[in-house]
Amino acid sequence: MLIPLSQVFQYAGVVPNPAAGVRFGKRKKAQVDRYRPEERDQILARLEGQDRLYFALLFATGLRPGEACALLWTDWDGDQLHISKQITRGKAKSRTKTFIDRRVYVPEWVRPLLLTHTTRFQGGHIFQNTAGNPYRQTRYLNKAWDKAHRQAKIRVRVPYTCRHTRAAEMLSMGVAPADAASQLGHSPQVFLNTYSEFIVEYATRQDFSRFEPSTAQIPHQTAPGDDK
């Protein structure tokens, strides 16, 4: 906001420019939150039907909530979801947040929920309200989310945290950051910046051998008395 304000004062010929000298210190990067596997399982166990599928899919794929709401049955090929659109702020958009389409792998543990979902044979959107229309607002689905947290006595976090949880899960399984970024619809640079703490946490830091040079690179050391 300071940048256009400073330009306004400059254009108006205000001297000295009261906005030009304002500086802010760097903000400390906020820690990215996530759910532990046992927390995820407890929450999903308290959800039913469409609510359970919706949040299971968020946990399993890391989709943005708006991307999940926009899903059509034709987007699923049995293994992957084609992500090319979103519903955000009540409006359907024929593009993703980053304007890039992607294919997202659906883990096997969540596929039975898809196969038995009631809208499968109706076609159209995977997630539908009682009128058969897609959800324009996620708050209707979030009511069950909040209730499940209260029942499980787990600290409630916004559903977007499922996305962070999936990122941490992929890194814990040894998925390369570039591949994980592709699944989430991030650029590698944004992924590395956002999830740098997870990358450090899940690095195989216990195996210190990777820090050792190969035998050929070890300088030869003369033993005492060998030079005589």
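Residues numbered from 1 in each chain as written. Predicted model: local features only at pLDDT ≥ 70, side-chain atom pairs only at ≥ 80, totals over all residues. Heavy atoms only, no water.

## Details of helix 3 (residues 49–61)
Phase 1: Its 13 residues give helix 3 an end-to-end C-alpha distance of 18 Å, which sits within 8% of 18 Å, the value for a rise of 1.5 Å per residue.
Phase 2: Burial within helix 3 is extensive, with ten of its 13 residues counted as buried.
Phase 3: Every buried residue belonging to helix 3 is among Gln 50, Leu 53, Tyr 54, Phe 55, Ala 56, Leu 57, Leu 58, Phe 59, Ala 60 and Thr 61, and all of these are buried. (Helix = DSSP H or I, 4+ residues; strand = E, 2+ residues; numbered from the N terminus. Expected span 1.5 Å × (residues − 1). Buried < 20%, exposed > 50% of the residue type's maximum accessible area, 1.4 Å probe, protein only.)

## Comments concerning the side chain of Gln 86
Phase 1: One can find Gln 86 in strand 2 (residues 86–88).
Phase 2: A polar contact is formed between the side chain of Gln 86 and the backbone oxygen of Arg 95, at a distance of 3.5 Å.
Phase 3: When neighbours within four sequence positions are excluded, Gln 86 is seen to be in contact with Gly 66, Glu 67, Ala 70, Lys 91, Ala 92, Lys 93, Arg 95, Thr 96 and Lys 97. (Polar contact = N/O pair within 3.5 Å; in protein donor to acceptor, adjacent residues only side chain to side chain. Contact = heavy atoms within 4.5 Å.)

## What to know about the packing of helix 3 against helix 7 (residues 161–172)
Phase 1: Where helix 3 contacts helix 7, the axes come no closer than 6 Å and their chain directions differ by 40°. Our classification of the angle between helix 3 and helix 7 gives oblique. Every residue of helix 7 that contacts helix 3 at Leu 58, Phe 59, Ala 60 and Thr 61 is listed here: Cys 162, Thr 165, Arg 166 and Glu 169.
Phase 2: Partitioning the contact of helix 3 with helix 7 into residue classes produces four nonpolar, two polar and two charged. (Axes fitted to C-alpha atoms, helices over the stretch in contact; angles between N-to-C directions. Parallel < 35°, antiparallel > 145°, perpendicular 65-115°, else oblique. Nonpolar A, V, L, I, M, F, W, Y, C, P; charged D, E, K, R; others polar.)

## Quick look at the nonpolar core
Phase 1: Counting residues in hydrophobic clusters, the biggest one holds 36 residues, and the most contacted among them are Tyr 54, Leu 57, Leu 63, Leu 81, Leu 114 and Phe 127.
Phase 2: Put simply, the parts of the chain that give this core at least two residues each are helix 2 (37–45), helix 3, helix 4 (65–69), strand 1 (80–83) and helix 6 (139–152).
Phase 3: Take this core: its biggest share by element is eight residues, from helix 3.
Phase 4: For Phe 127, the residues in contact, after removing those within four places along its chain, are Gln 50, Leu 53, Tyr 54, Leu 57, Ala 68, Asn 133, Pro 134 and Tyr 135.
Phase 5: The next biggest cluster of nonpolar side chains, apart from the first, holds eleven residues, and it includes Val 32, Met 170, Phe 191 and Tyr 195. (Core = buried A, V, L, I, M, F, W, Y, C linked by side-chain atoms within 4.5 Å.)

## Side note on the pattern of salt bridges
Oppositely charged side chains are able to pair whenever their charged atoms sit close together.
Phase 1: The tally for this structure, following the rule as stated, stands at eleven salt bridges.
Phase 2: Arg 155 serves as the salt-bridge partner of Asp 33, at 3.0 Å between the closest nitrogen and oxygen. With a gap of 122 residues between them, Asp 33 in the loop between helix 1 (2–11) and helix 2 and Arg 155 in the loop between helix 6 and helix 7 connect regions that are remote in the sequence.
Phase 3: For Asp 33, a relative accessible area of 28% corresponds to the partly exposed category.
Phase 4: Notably, a salt bridge pairs Arg 102 with Glu 67, separated by 2.8 Å at the nearest N-O pair. In this pair, Arg 102 is assigned in strand 4 (residues 102–105) and Glu 67 in helix 4, connecting sequence segments 35 residues apart.
Phase 5: The class for Arg 102 is buried, based on a relative accessible area of 7%.
Phase 6: The exposure class assigned to Glu 67 is buried, which follows from its relative accessible area of 2%.
Phase 7: Several salt bridges converge on common partners, so that one network encompasses Asp 33, Glu 39, Arg 155 and Arg 157. (Salt bridge = Lys/Arg side-chain N within 4 Å of Asp/Glu carboxyl O.)

## Some points on the environment of Asp 51
Phase 1: By the secondary structure assignment, Asp 51 is in helix 3.
Phase 2: Taking the C-alpha atoms as reference points, Asp 51 and Asn 142, 91 residues apart in sequence, are found 8.5 Å from one another.
Phase 3: For Asp 51, the contacting residues outside a window of four places in its chain are Leu 141 and Ala 144.

Without other data, these values stay purely geometric and don't point to any function.
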